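Okay, here's what each chain looks like letter by letter:
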Amino acid sequence: MTSQAERNRSYSEQTVWMLAIRDQRDKAAFAKLFDHYAARLKGFVMRAGAPKAQAEDIVQEVMLTVWRKAHLFDPERAQVSSWIYQIARNRQIDVIRKEARPVPEALANEDESDDGPDAGQVIALEQETDKLRQALEKLAPAQREMIERAYLGDLTHTEIREATGLPLGTIKSRIRLGLERLRHELKDLRQE
Amino acid sequence: MNANISHHIPSEILAAYAAGSLGQAFSLVVAAHVSLCDECRAELAAHEAAGGAVLDTTAAAAVSPDLFSRVLDHLDDPVEPEPAPRARDGVFPGPIMDALKGKAPRWKSLGGGVKQCLIGGDTDGLSRLLFIPPKTAVPDHGHHGTELTLVLQGGFADETGHFDVGDVEVADADLDHTPVADAGAPCIVLAATDAPLKFNTFLPRLLQPLFGI
Ligand SMILES: [Zn+2]
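None of these values were measured; they are calculated from a predicted model.

Rules of the game
- Residue indices begin from 1 for each chain and proceed along its sequence in written order.
- Both sets of labels track the order of writing: A upward for chains, 1 upward for ligands.
- Given that the model is predicted, a residue must reach a pLDDT of at least 70 before its local features are reported, and side-chain atom pairs must reach 80 or more before they are shown or counted; all residues, however, enter totals for whole chains, interfaces and linings.
- Heavy atoms throughout the structure, all of them, feed into the side-chain values; hydrogens and water do not.
- Salt bridge, as used here: a side-chain nitrogen of Lys or Arg that lies within 4 Å of a carboxyl oxygen of Asp or Glu.
- Burial classification: accessible surface area is computed with a 1.4 Å probe over protein chains only, and a residue below 20% of its type maximum counts as buried, one above 50% as exposed, and the rest as partly exposed.
- The helix and strand labels rest on DSSP assignments: H or I over at least four residues marks a helix, E over at least two residues marks a strand, and numbering proceeds from the N terminus.
- In this listing, donors mean N, O and S atoms no farther than 2.8 Å from the metal, or 3.2 Å for Na, K and Ca; water is missing from the atoms, so a site can look incomplete.
- Any two residues whose heavy atoms approach within 4.5 Å are treated as being in contact.
- Summed over both partners, the accessible area lost on bringing two parts together, with a 1.4 Å probe, is the buried area.
- Here a polar contact means two N or O atoms within 3.5 Å. Within protein one must be a hydrogen donor candidate and the other an acceptor candidate, and residues neighboring in sequence count only if both atoms are side-chain atoms.

J.: Got a minute to help me understand the pattern of salt bridges in this structure?
T.: Two side chains carrying opposite charge are able to pair once their charged atoms lie near each other. Residues and elements named next belong to chain A. Taken as a whole and judged by the stated rule, the model has 24 salt bridges over all chains. In this structure, Asp23 engages Arg22 in a salt bridge whose closest nitrogen and oxygen atoms are separated by 2.7 Å. Residue classification places Arg22 among the partly exposed residues on the basis of a relative accessible area of 22%. A salt bridge links Lys42 to Glu56; its shortest N-O distance comes to 3.0 Å. Of this pair, Lys42 sits in helix α3 (residues 27-47) while Glu56 is found in helix α4 (residues 52-68), placing the two residues 14 residues apart along the sequence.

J.: Help me understand the coordination of the zinc ion, please; the structure alone is not making it clear to me.
T.: Geometry reference: four tetrahedral donors at a metal, ideal angle 109.5 degrees. Six octahedral donors, ideal angles 90 or 180 degrees. Residue and element names in this part refer to chain B. For the zinc ion, the full set of protein donor atoms is His8 (ND1), His33 (NE2), Cys37 (SG) and Cys40 (SG), at a range of 2.1 to 2.3 Å. Ordering the donors of the zinc ion by residue number gives the pattern H-x24-H-x3-C-x2-C. Comparing His33 with Cys40 shows no difference in burial state: the two are buried.

J.: What exactly am I supposed to notice about the interface of chain A and chain B here?
T.: It is common to give the size of an interface as the accessible area lost on bringing the parts into contact. In this complex, chain A contributes 74 residues to the contact, which on the side of chain B involves 72 residues. Contact between chain A and chain B buries roughly 6,800 Å² in total, counting both sides, with carbon and sulfur atoms accounting for 62%. The largest contributions to the chain A side of the interface with chain B come from Ile96(A), Glu105(A) and His157(A), which together make up 12% of the buried area. Linking chain A with chain B are 10 salt bridges, by the criterion used here. A salt bridge links Arg176(A) to Glu39(B), with the nearest nitrogen and oxygen atoms 2.7 Å apart. Applying the counting criterion to the chain A and chain B interface returns 27 residue pairs in polar contact (both at pLDDT 80 or more). Broken down by secondary-structure element, the contributors of at least two residues to the side of chain A that touches chain B are α3, α4, α5 (80-96), α6 (119-138), α7 (141-151), α8 (157-160) and α9 (169-191) of chain A. Looking at the side of chain A that touches chain B, the element that brings in the most residues is α3(A), giving 15 residues.

Here it is, written out as structure tokens:
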């Protein structure tokens, strides 16, 4: 059990804001999250091809979705920027496709575990995300451009095969550990 | 969770799914396999983290001063709940049940006891379920681009190896293979191909309603 004060000392600001939005429906925290992400999101969706006139509409929809789907945020499995990235991608896909994109089965109902996130897992995932960001910034410009285009949705899977250089192994192992822990908890829950 | 899965979704296909540049047919295979495989669920999440890193480090573009108040105005709007995703039913993972609209597959005979059920097809690919009796070869199903085959029941073998429940075979157009179902239970697979016409940049298409959206 981690107290809120402890959590606020050790988690990144973004995670603290997002948990306050999720658990307290905290509009002040939402304002901070907006200040941090809105301009980044606008730059991102414009690079991904959104016309300038529509970019802010997309940012608005993404931020509203963040608020409405906050109950699905799980810092043990996705860091805030990763979660918002998914929402932004889905939003851009929804705008152009008539069919909903197939999504994997959900793992678990968040409501089932009420003893709060595992702080060690959350912090480790944040650290791995920081390392990923640093690795991205250290890539040679042409290589970085390819990686960015891949995640902006600008490359086919065949083209992505050539876009290498970002080390994903350690963050994947970290997420895998989180999944194993979750599977374990779910099994225990079922046996109770 | 099936711990015995040995043939996974290639990393670049998971990356394209995370980025939203993968067509509907392949996305269904990804969603179905990830439902069965924590290894690929973790790898997909790693790609989403990489996407988050791109979002974090991309050049920001200043937003209008009133954008936040516009967002606040809608914060408490009532929203229609989205339809709940369908649950797994027998050998069919949730995303396949969604594609089947919750109904049992309507099989059409292809001869020799082999049956198929088309579950999705558009300009970016085709997906179908195939039912193959034990020890039967899959009839020639010449695919152009790449074909992804996910085993849902039974198993099959071809020149490249053996595939069990949860395994995915990735066959490029130049792979000439003859999959044969294992003895025992009939083999059921989800097979998807990508068609030549793909859309890999999305937003410009907002302005050109090519697909009747
Ligand atoms: Zn897998």
